Amino acid sequence: MRHVVFLSGAGISAESGISTFRDSGGLWDTYDVMEVCSAGAFQRNRHFIMDFYNKRRKDLATVQPNPAHFMIAALQREFPGRVLNLTQNVDDLFEKAGCQHTIHLHGELTKARCERCGFVWHIGYRDIDPEERCPSCKGSSVRHHVVMFHEEAPEYEHLYAAIEGLAHDGMLVVIGTSGFVLPIDEFARMAPHSILNNLEPLPTIDESAFKVRLYEPATSAAPKIAAMVREYLG
Ligand code: APR
């Protein structure tokens, strides 16, 4: 049966006020992304990085989803079981927009993880306390549930399965990602139909792999994307 796979990055949340990673301005003028998002830096400076993610989690409390998040939630309701939502984002804007199911490839800020037993639990917008204990094994190595550079990303198994599943009757819709981390052009070549929405063409992506390219803010592209998805699925 025809189905759609959404794959988003920081750009989909930009208009909600969350800084993207590679655009200038905002958060990353203050922090070096490799200093706060890498496994090596975490080993060197655990306290600083826990504090960084505590601040990001607190920031999320007041951030609201935008029409691009709502568009995916509406399509999931309209076409049950036929709209898969994958995101690289660790924010909770899809959940706030009412998406029924979202796979967070790089984890979720609103969850904590035990390094000893692997247990993951919801913590909302509160800080992770340095003395915090795992509710499952009572261990004391509790951390943010965010995948950093040079760490494993267990949720990628869902991504690879979804990309393989595109082959015959799938549409891939990529919104707001630079393709630095994921080879989105290779993914697009697997799909009979594909849409790319970014602000601008990027040298990191072979954009010709996409059937449709929309270079504009995600909120203005959203109604066009929704129309194309409805036509494909309808
Ligand atoms: N609408 C659509 N696209 C936008 C918008 C917008 N309003 N604003 C920015 N973009 C696009 C930019 O054109 C850029 O291509 O979003 C992309 C953001 O790229 P990155 O900042 O590199 O973010 P992302 O691709 O999600 O990063 C991937 O890298 O640091 C890691 O783990 C982190 O998940 C992250 C991963």
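Residues numbered from 1 in each chain as written. Predicted model: local features only at pLDDT ≥ 70, side-chain atom pairs only at ≥ 80, totals over all residues. Heavy atoms only, no water.

### What to know about the packing of aromatic side chains
Consideration 1: All told, the structure shown has five aromatic pairs when counted by the stated rule.
Consideration 2: Aromatic pair Tyr31 and Phe52: ring centres 4.7 Å apart, planes at 70 degrees, arrangement edge-to-face. Here Phe52 lies in helix H5 (residues 46–60) and Tyr31 lies in the loop between helix H2 (27–30) and helix H3 (33–36), a separation of 21 residues in the sequence. A single burial state applies to Tyr31 and to Phe52, both of which are buried.
Consideration 3: Seen in terms of ring centroids, Phe119 and Trp121 are 5.7 Å apart; in terms of plane orientation they differ by 20 degrees. Their pairing is stacked.
Consideration 4: What makes Phe119 partly exposed here is its relative accessible area of 34%. (Phe/Tyr/Trp six-rings, centres within 6.5 Å; stacked < 30°, edge-to-face > 60°. Helix = DSSP H or I, 4+ residues; strand = E, 2+ residues; numbered from the N terminus. Buried < 20%, exposed > 50% of the residue type's maximum accessible area, 1.4 Å probe, protein only.)

### A closer look at the domain arrangement of the protein
Consideration 1: Here the protein is described as being made up of domain 1 (3–17 + 64–106 + 152–233) and domain 2 (19–62 + 107–146).
Consideration 2: Averaged C-alpha coordinates put domain 1 and domain 2 at centres separated by 25 Å.
Consideration 3: Contacts between the two partners involve 17 residues from domain 1, matched on the other side by 14 residues from domain 2.
Consideration 4: When the two sides are added together, the surface that domain 1 and domain 2 hide from each other amounts to roughly 1100 Å², 54% of it contributed by carbon and sulfur.
Consideration 5: By the criterion of area lost to domain 2, the three top residues of domain 1 are Ala10, Val90 and Asp92, representing 37% of everything that side buries.
Consideration 6: Between the two partners, domain 1 and domain 2, sit zero salt bridges.
Consideration 7: Here domain 1 and domain 2 share four residue pairs in polar contact (both at pLDDT 80 or more) between them. (Domains from an automatic or database assignment. Contact = heavy atoms within 4.5 Å. Buried area = accessible area lost by both parts, 1.4 Å probe. Salt bridge = Lys/Arg side-chain N within 4 Å of Asp/Glu carboxyl O. Polar contact = N/O pair within 3.5 Å; in protein donor to acceptor, adjacent residues only side chain to side chain.)

### Notes on the sheet that holds strand E7 (residues 170–175)
Consideration 1: Taken in spatial order, the six strands of this open sheet run E3-E2-E1-E7-E8-E9, and their pairing is parallel. Among the strands making up the open sheet, the edge pair consists of strand E3 (103–104) and strand E9 (212–215).
Consideration 2: Of the strand pairs in this sheet, strand E2 (residues 83–87) and E3 are connected by two bridges, and their pairing is parallel. Bridge pairing in E3 links Leu86 to Ile103. (Pairing = 2+ DSSP bridges.)

### A few points about the sheet that holds strand E6 (residues 142–146)
Consideration 1: Reading across from one edge, E5-E4-E6 is the order of the three strands in this open sheet, with antiparallel pairing throughout. Because the sheet does not close on itself, it has two edges, and the strands there are strand E5 (120–122) and E6. The average undirected angle you get between the axes of adjacent strands in this sheet is 40 degrees.
Consideration 2: In terms of strand pairing, strand E4 (residues 107–114) meets E6 through five bridges, oriented antiparallel. Among the inter-strand pairings, Glu108 is bridged to a residue of E6, identified as His145.
Consideration 3: Where H5 meets the sheet, it contacts E4 and E6, and its direction lies at approximately 55 degrees from that of E6. (Axes fitted to C-alpha atoms, helices over the stretch in contact; angles between N-to-C directions.)

### Observations regarding H5
Consideration 1: In this model, H5 (15 residues) spans 21 Å end to end at C-alpha, consistent with the 21 Å of a helix rising 1.5 Å per residue.
Consideration 2: The set of residues buried in H5 consists of Ile49, Met50, Phe52, Tyr53, Asn54, Arg56, Arg57 and Leu60.
Consideration 3: The inward-facing, buried residues of H5 abut H2, H3, helix H4 (39–44), helix H7 (93–97), E4 and E6. (Expected span 1.5 Å × (residues − 1).)

### Here's the deal with the pattern of salt bridges
Consideration 1: In this structure the tally under the stated criterion is twelve salt bridges.
Consideration 2: Arg44 is paired through a salt bridge with Glu35; the nearest N and O atoms lie 3.4 Å apart.
Consideration 3: Note on Glu35: relative accessible area 39%, which makes it partly exposed.
Consideration 4: Between Lys111 and Glu108 there is a salt bridge; the shortest N-O distance is 3.0 Å.

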